Amino acid sequence: MYRLLSTATAGASATGGRARCCGRRGTHRWAGLPPLSHGWAGGLGLGLGLALGAKLAGALKGAVPVPPPADPETPPQAESPLEPPLATGCPQARAPPPSRCFAKAIASSRDLLHRIKDEVGAPGIVVGVSVDGKEVWSEGLGYADVENRVPCKPETVMRIASISKSLTMVALAKLWEAGKLDLDVPVQHYVPEFPEKEYEGEKVSVTTRLLISHLSGIRHYEKDIKKVKEEKAYKALKMLRETMSSDQEKDLKGKGEKNNEKQDCAKTKTEQDNEAKYRNAKPCKKKNDFEQGELYLKEKFENSIESLRLFKNDPLFFKPGSQFLYSTFGYTLLAAIVERASGYKYLDYMQKIFHDLDMLTTVQEENEPVIYNRARFYVYNKKRRLINTPYVDNSYKWAGGGFLSTVGDMLKFGNAMLYGYQVRLFKNTNENLLPGYLKPETMVMMWTPVPNTEMSWDKEGQYAMAWGVVEKKQTYGSCRKQRHYASHTGGAVGASSVLLILPEELDTEALSDKVPPRGVIVSIICNMQSVGLNSTALKIALEFDKDRFDC
């Protein structure tokens, strides 16, 4: 023990000497001291050992463990009591602190989105909600990039698919307001490269207005005209059967016995004939859009005129104006019309519009540019395994489904549309209001349902001008009340989307303390195809609309 303490003391003294006396003066001062005896060194060593031990114990007692540095790829844990617990491996981007006014709506909407995400197996989903022109909630669930474990967040950029049609409509509307575009002249006036058309031997005209509302007869991705016509006939008969009024049956029962017998016989015969037609009209199994080869084109088209060659020589499937046939290729032709009417390339003209609307993250989808926060896109294979979607080039359909964006930009776009739609109502109470990006009469025209059209994502609505519109309706007292709203959904390779605008039901006599826009806007984007999101967006909008009056 004596030797051990002496050695430790000598080492400590030497180290301390070097530490304290690195200068020449210190060295001379310590060099003249007499050598220490063994006993003195042992006592000094024991004292130093006890003092150092006590000091070390005190330091350890008050020490606080330092957490390891956070992994930037790891999403923060949810702290809000309103957030449901997340499954292991399912990230959730931290949302901004929710407004106390909308805490209930946010909690229920978040739970709904978790359910939808789990139900369809979507890797990631992003939502944004705006109330009266202000963004009140935006959040990402799941992964924007599964392989690299990148969580979704409000800034995540995804394909917005057919919401691109609503963006293209703004370009057409601006040109129409400026007098540069006539919606009702044949398209050959602007694009002579598109050949004149005939239907069943009769010369017909395709106009810009018909193209906008999918009434032109130009095909979609399905090239087999027979299959399309069979499907349309089948749907028409099915709808006819479903909409048979029970009041008509009561009328028949309320008449005399003889009339009843005759009418019952006639009714039975008619039903049998309809059943036969219904069975005969049932079409062959038709490929869905994601089984069509043109959806996966990899060819780069330099401009809209060049991409017309994909369909310009194909026959019309229906007489223009007679039937609704949803067509993304129709919007490819509209992009060419925008170019000729404006004098700019389509993408240049659209970028000007995005700049005006402050949509700074909305761009055409191209593979080469580095686009910050761009998500990856996924699909399930036949074995129900998640895989990356194949590479596609959307240059042939930028106008109808080729843009990338964020929920934040979609909310800005929706608010600009809602402001233009409502500002006319506030002019008498507030003369200082700025004009809308589009004139009120233009917005009313755009959101007025067009006859002979369909709204596939909500059977109670109709297509208008690049928007689906459901009108206000209530059939029975104290029963379901249908709200007026406008929306557009989107489906692309590895992506689904929706933008829904629910205007406030305004009392024109109580507008003095309000300014437009008034209403709820919901945007949802997802990196998985074939996910229906409109009903989810409507439920979320109604939740926030209900909460806004409790604030």
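Residues numbered from 1 in each chain as written. Predicted model: local features only at pLDDT ≥ 70, side-chain atom pairs only at ≥ 80, totals over all residues. Heavy atoms only, no water.

The next subject is the sheet that holds strand β13 (residues 485-492). Pairing in this open sheet of eight strands is antiparallel, and the strands run β3-β2-β1-β15-β14-β13-β12-β11 from one edge to the other. Each end of this open sheet is capped by a strand with a single partner; those strands are β3 (150-151) and β11 (462-463). Across two bridges, the pairing between strand β2 (residues 134-145) and β3 is antiparallel. Looking at the pairing, tyrosine 143 lines up with proline 151 of β3. Along the sheet face, helix α4 (residues 103-120) touches β1 (124-131), β2 and β15 (519-526) and points at about 25° away from the line of β2. (Pairing = 2+ DSSP bridges. Helix = DSSP H or I, 4+ residues; strand = E, 2+ residues; numbered from the N terminus. Contact = heavy atoms within 4.5 Å. Axes fitted to C-alpha atoms, helices over the stretch in contact; angles between N-to-C directions.)

This part covers the sheet that holds strand β10 (residues 403-405). If you walk across this open sheet you meet the three strands as β4-β10-β7, and the pairing is antiparallel. The open sheet has two edge strands, β4 (158-159) and β7 (363-364), and neither has a second partner. In terms of strand pairing, β7 meets β10 through two bridges, oriented antiparallel. Looking at β10, one finds that glutamine 364 is bridged to phenylalanine 403.

Glancing now at unusual backbone geometry. Of the consecutive residues proline 516 and proline 517, the connecting peptide bond is found in the cis state with omega at 0°. Within the element layout of this structure, proline 517 appears in the loop between β14 (495-503) and β15. The backbone of serine 478 shows a phi angle near 55°, a positive value even though the residue is not glycine. With respect to the helices and strands, the residue serine 478 is situated in the loop between β12 (468-470) and β13.

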